[in-house]
Amino acid sequence: MEQLAPQQFASWAEPIEMLYACHSKVKRFCKQLQILPDYLTQNGVNQIVKNDVQQILNYFNLSAPLHHEDEELDFFPALLAVYPEAQTQIDELEAQHIHLHQNWDALSAQLTALINDEIVEIEPELIKRFISGYDLHIALEEPLFELGRQYISAEKLSEIGQVMANRRKT
């Protein structure tokens, strides 16, 4: 499958940059998912596909839920404390997290079956629904990251970054 540009590096000392970095990975994996059906038609299931799909499974099974916890447990509450006007958007984003996870559950079942040689293609509609869900979500969420940069204190951001880092150590 096509190789995409390398990721930018961020550190936990910059939690908003880490949130953006997660979105960057989501976008990269969504691009891979988008080309997957055509690739499978042309090349079949090969080790390259299995490796790429395993990386996608690992990210969305492990890292994406942690990212959503970072937002729901740390970033959103910190933003609301200093910018309560974001409540409606945050309520929508949290509802979208539920749908994103549901879409992932359906897609991941097929991706798992693909790498286990149980199927040879993925339903394009599942991929389309998954990608469009993230496209809408990211478009609504990233402006809140900018509000966080503007309104959340450096001390609070540092604290959030430490909590995010600790969440991944357990």
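Because the structure is a prediction, the values reported are computed rather than measured. What you see as residue numbers is a count from 1 along each chain, following the sequence as written. Only residues with pLDDT of at least 70 get local features here, since the model is predicted, and only at 80 or more are side-chain atom pairs given and counted; chain-wide, interface and lining totals rely on the full set of residues. The side-chain values count all of the structure's non-hydrogen atoms but skip hydrogen atoms and water molecules.

A.B. asks: Honestly, the overall build of the chain in this entry has me stumped. Any pointers?
C.D. replies: Helices and strands together make up the secondary structure of the chain, namely five helices and zero strands. Segments assigned H or I by DSSP are reported as helices when at least four residues long, segments assigned E as strands when at least two residues long, and all are numbered from the N terminus. Listing each helix as α and each strand as β along the chain from the N terminus yields α-α-α-α-α. Computation of the radius of gyration draws on C-alpha atoms alone. For the globule rule, the value is 2.2 Å times the number of residues to the power 0.38. Computed over the C-alpha atoms, the radius of gyration of the chain is 17 Å, within 12% of the 15 Å expected from 2.2 N^0.38 for a compact globule of 170 residues. Projecting the C-alpha coordinates of the chain onto the three principal axes gives extents of approximately 50 × 30 × 30 Å. Contacts between residues were defined by any pair of non-hydrogen atoms, one from each residue, lying within 4.5 Å. When contacts within the chain are restricted to residue pairs at least 6 apart in sequence, those whose partners lie at least 24 apart make up 76%. About 9,200 Å² of surface is accessible on the chain, with carbon and sulfur atoms providing 52% of the total. Positive charge is attributed to Lys and Arg, negative charge to Asp and Glu, and no charge count is given to His or to the chain ends. Charge placement uses NZ in Lys and CZ in Arg. For Asp and Glu, CG and CD serve respectively. Each charge class in the chain can be summarised by its mean position, and for the 12 positive and 26 negative side chains these summaries are 5 Å apart. Note on areas: Shrake-Rupley, 1.4 Å probe, and residue coverage restricted to the protein chains presented here.

A.B. asks: Is there a simple way to explain the packing of aromatic side chains in this structure?
C.D. replies: Aromatic rings considered in pairs are described by the distance between their centres and by the relative angle of their planes. Pairing of aromatic rings covers Phe, Tyr and the six-membered ring of Trp, with a centre-to-centre limit of 6.5 Å; geometry is then stacked below 30 degrees between planes, edge-to-face above 60, and tilted otherwise. This model, assessed by the stated rule, comprises 12 aromatic pairs. Ring geometry for phenylalanine 60 against tryptophan 104: centres 5.1 Å apart, planes inclined by 35°, an arrangement best described as tilted. Residue phenylalanine 60 is located in helix α2 (residues 47-82), and its partner tryptophan 104 is located in helix α3 (residues 87-115); the two are separated by 44 residues in the primary sequence. Each member of the pair, phenylalanine 60 as well as tryptophan 104, carries the same accessibility label: buried. Among the aromatic residues, those joined into a cluster by ring pairs are Phe29, Tyr59, Phe60, Trp104, Phe130 and Tyr134. Type-normalised accessible area, obtained with a 1.4 Å probe on protein chains alone, sets the label of each residue: buried when under 20%, exposed when over 50%, and partly exposed for intermediate values.

A.B. asks: Would you explain the environment of alanine 81 in this entry?
C.D. replies: Locating alanine 81 in the fold gives a position in helix α2. Remark: the alpha-carbon pair of alanine 81 and isoleucine 152, spanning 71 residues in sequence, is separated by 8.6 Å.

A.B. asks: Explain the UniProt feature "domain: Hemerythrin-like" (unreviewed entry) in the chain here, please?
C.D. replies: UniProt positions are given in the numbering used here, feature names are shortened, and annotations may be inferred rather than shown by experiment. Within the UniProt annotation, "domain: Hemerythrin-like" (unreviewed entry) is assigned to residues 15-142. Annotated as 88% helix and 0% strand, the span residues 15-142 places its first and last C-alpha atoms 13 Å apart.

A.B. asks: Explanation requested: the nonpolar core in the structure shown.
C.D. replies: One broad trend across soluble globular proteins is that nonpolar side chains are buried collectively. Among buried residues, the Ala, Val, Leu, Ile, Met, Phe, Trp, Tyr and Cys ones that are joined through side-chain atoms within 4.5 Å form a nonpolar core. Counting residues in hydrophobic clusters, the biggest one holds 28 residues, and the most contacted among them are Leu33, Phe60, Leu107, Leu111 and Tyr134. Every element with two or more residues in this core is listed here: α1 (15-43), α2, α3 and α4 (124-151). Here this core takes eight residues from α1, the largest share from any one element. Beyond its immediate chain neighbours, meaning those up to four positions away, leucine 33 contacts Ile56, Leu107, Leu111, Ile127, Phe130 and Ile131.

A.B. asks: What am I meant to see in the pattern of salt bridges here?
C.D. replies: Oppositely charged side chains are able to pair whenever their charged atoms sit close together. Here a salt bridge means any side-chain nitrogen of Lys or Arg lying within 4 Å of a carboxyl oxygen belonging to Asp or Glu. Summed over all chains, the structure comprises nine salt bridges. Residue aspartate 70 is joined to arginine 167 by a salt bridge in which the shortest nitrogen-to-oxygen separation is 2.5 Å. Here aspartate 70, found in helix α2, pairs with arginine 167, found in helix α5 (residues 154-167); they are 97 residues apart in sequence, far enough to count as distant. Judged on exposure class, the residue aspartate 70 and its partner arginine 167 are both buried.

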